[in-house]
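Overview (structure and organization)
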Amino acid sequence: MINVSSPIGPVGGFSGIEGVGGLGGFKGIGGLSDNTESTAAPSGPNTDFAGMLAKGIENVQQAQTKASDLAVQVADGTLKDPAQYTMAATEASLGLQMTMAIRNKAVEAFQEIMRMQA
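Criteria and cut-off values
Residues numbered from 1 in each chain as written. Predicted model: local features only at pLDDT ≥ 70, side-chain atom pairs only at ≥ 80, totals over all residues. Heavy atoms only, no water. Axes fitted to C-alpha atoms, helices over the stretch in contact; angles between N-to-C directions. Helix = DSSP H or I, 4+ residues; strand = E, 2+ residues; numbered from the N terminus. Parallel < 35°, antiparallel > 145°, perpendicular 65-115°, else oblique. Left-handed = near helix turned anticlockwise from the far one by under 90°. Contact = heavy atoms within 4.5 Å. Nonpolar A, V, L, I, M, F, W, Y, C, P; charged D, E, K, R; others polar. Patch = residues over 30% accessible without salt bridge, like charges linked within 9 Å, V, L, I, M, F, W, Y side chains within 5 Å. Areas by Shrake-Rupley, 256 points an atom, 1.4 Å probe, with all protein chains shown as cover. Salt bridge = Lys/Arg side-chain N within 4 Å of Asp/Glu carboxyl O. Buried < 20%, exposed > 50% of the residue type's maximum accessible area, 1.4 Å probe, protein only.

Things to note about the packing of helix α1 (residues 49-76) against helix α2 (residues 82-117)
Running from N to C, α1 and α2 cross one another at 150 degrees; their axes reach a closest spacing of 8 Å. The angle between α1 and α2 places the two elements in the roughly antiparallel class. Once α1 is placed against α2, the crossing between them reads as left-handed. The segment α1 lies against α2, with V60, A63, Q64, A67, L70, A71 and V74 engaging P82, Q84, Y85, A88, A89, A92, G95, L96 and T99. Classifying every residue of the contact of α1 with α2 gives 12 nonpolar, 4 polar and no charged.

Section: a nonpolar patch on the surface
On the surface, a nonpolar cluster with roughly 290 Å² of combined accessible area is contributed by F110, I113 and M114. Locating M114 in the fold gives a position in helix α2. The class for M114 is partly exposed, based on a relative accessible area of 37%.

Below is the structure:
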């Protein structure tokens, strides 16, 4: 339930990000092994990290599009409450900052793994 007293709602798609799965066409490290036997697909709440990540990025894109549309309405004078634009722009900014933080942590983790192999 969203707190009505809060002017900014939560950024969707990022809550409950758990587990690790493949990204896009990349099916995990299993494709690198010589084992040709098929393994059972994992089941449970942690199975689709890539899907949750894609949904989160899509939600950030939607928030940015909404903020952009509201900015045009503010400039045209057709938006009755300019505070809607301020809230949408803040939500889009926070979503982008969170996306960048997740990306930076993923890059740092990858670099640390590469240092451990050297």
